[in-house]
Every structure is written in structure tokens, then in C-alpha cells.
Amino acid sequence: MSGTLNKVMLIGHLGDEVKMHYFEGGGAIGRFPIATNETYTNKQTGERVTNTDWHNIVVRNKAAEICEKYLSKGDKVYVEGRLKNRQWQGEDGNTRYSTEVHVQDFTFLSTKKESMANQQSGGQKPQQNAASNTPSSPKAAPLVRPDQEDDLPF
């Protein structure tokens, strides 16, 4: 097999708000961290141990604007993309390295509405499924608005 593959799929919680940067040509880039957890039981002590890994997420253009609008710290999201490595000179003169996930597709698993409803209701699920009328990918954004009900049968 001579082909290669660079694909990452993550489900995790946002560790911070989406930070946006806009360019003169009209482009935009959004960055945010996602936390994923691994939980296991230590066989020697019987104690449950949780390890958290942090991932740097990069979203571009319209997808970045959608993420900024609908996602906030603590929301659960599925992202799919490619790993990219960057290096740059720090202010102290040292070379810095960073690994990022450049998003190609994403799905919101919880939204700002659900997060607010969970905080107000003490963790209970909201009555309306906010994910059904929230865009799940940049392609869907112009077709669905969060303040409108859709006519989909599911």
C-alpha cells in the first residue's frame, strides 16, 4: 500500500470559548481547545483514575463563524480533521512546536442553549432538542437557522 492517511476524530468538551481572528481578505480562523478523557481503574489501589488530554482545534472561514456562534466553554463536540504540526520562534528565541487538528467536519453534541438549560435546571435535559435545529456542518449553515423549526421527519 503506497497511500497515506492523516485523519483524526475526537469527541470532547470545549476548554475555552472560540477565539476568532479575521483577515483582510475576508477569511477567518477560529481556535479552541478540546479535552478528551480516559478513565480506568488502577488494579493495585482499586481507585478510578481519569487522564485528560488537551487538543488544539483550528476551524476556518464560515465553519469558524458557526463554531463561534453556537459553541461555548463546556459544550460537547465531535470534530474530524487532519493533524498539522507548526513551529515558530518564541519571544525568548526558542523554537516552539504545536500540533493542531485542522477541522474538516464537525457536529455539535450540545449547544449553548442546552448548556444554559442544564445550568438553570440543575443538570436536567432541556425539553426541546436544540441539536435538531443547529447546523452540524458548514454546508448546512445557510439552510437552517436556530430560531426556525425544520420540516424534517426525524
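Refer to the preceding data block for the structure.
Residues numbered from 1 in each chain as written. Predicted model: local features only at pLDDT ≥ 70, side-chain atom pairs only at ≥ 80, totals over all residues. Heavy atoms only, no water.

A.B. asks: What exactly am I supposed to notice about the overall build of the protein here?
C.D. replies: Scanning the protein from N- to C-terminus turns up 2 helices and 6 strands. Each of the 154 residues in the protein was classed as buried or not, and the buried ones make up 32%. Counting only contacts in the protein whose residues sit at least 6 apart along the sequence, the fraction spanning at least 24 positions is 55%. Of the roughly 10,800 Å² of accessible surface on the protein, a fraction of 48% belongs to carbon and sulfur atoms. (Helix = DSSP H or I, 4+ residues; strand = E, 2+ residues; numbered from the N terminus. Buried < 20%, exposed > 50% of the residue type's maximum accessible area, 1.4 Å probe, protein only. Contact = heavy atoms within 4.5 Å. Areas by Shrake-Rupley, 256 points an atom, 1.4 Å probe, with all protein chains shown as cover.)

A.B. asks: For this particular structure, what's the right way to read the packing of aromatic side chains?
C.D. replies: Any aromatic ring pair is given by two values, namely how distant the centres are and how the planes are angled relative to each other. Summed over the entire model, instances satisfying the criterion amount to 2 aromatic pairs. Where Tyr70 meets Phe108, the ring centres are 6.1 Å apart and the plane angle is 40°; that geometry is what we call tilted. In this pair, Tyr70 is assigned in helix α1 (residues 61–70) and Phe108 in strand β6 (residues 95–108), connecting sequence segments 38 residues apart. Residues Tyr70 and Phe108 agree in their burial class; the two are buried. Relative to Phe108, the ring of Phe106 has its centre 5.3 Å away and its plane inclined at 35°; by these criteria the two rings are tilted. (Phe/Tyr/Trp six-rings, centres within 6.5 Å; stacked < 30°, edge-to-face > 60°.)

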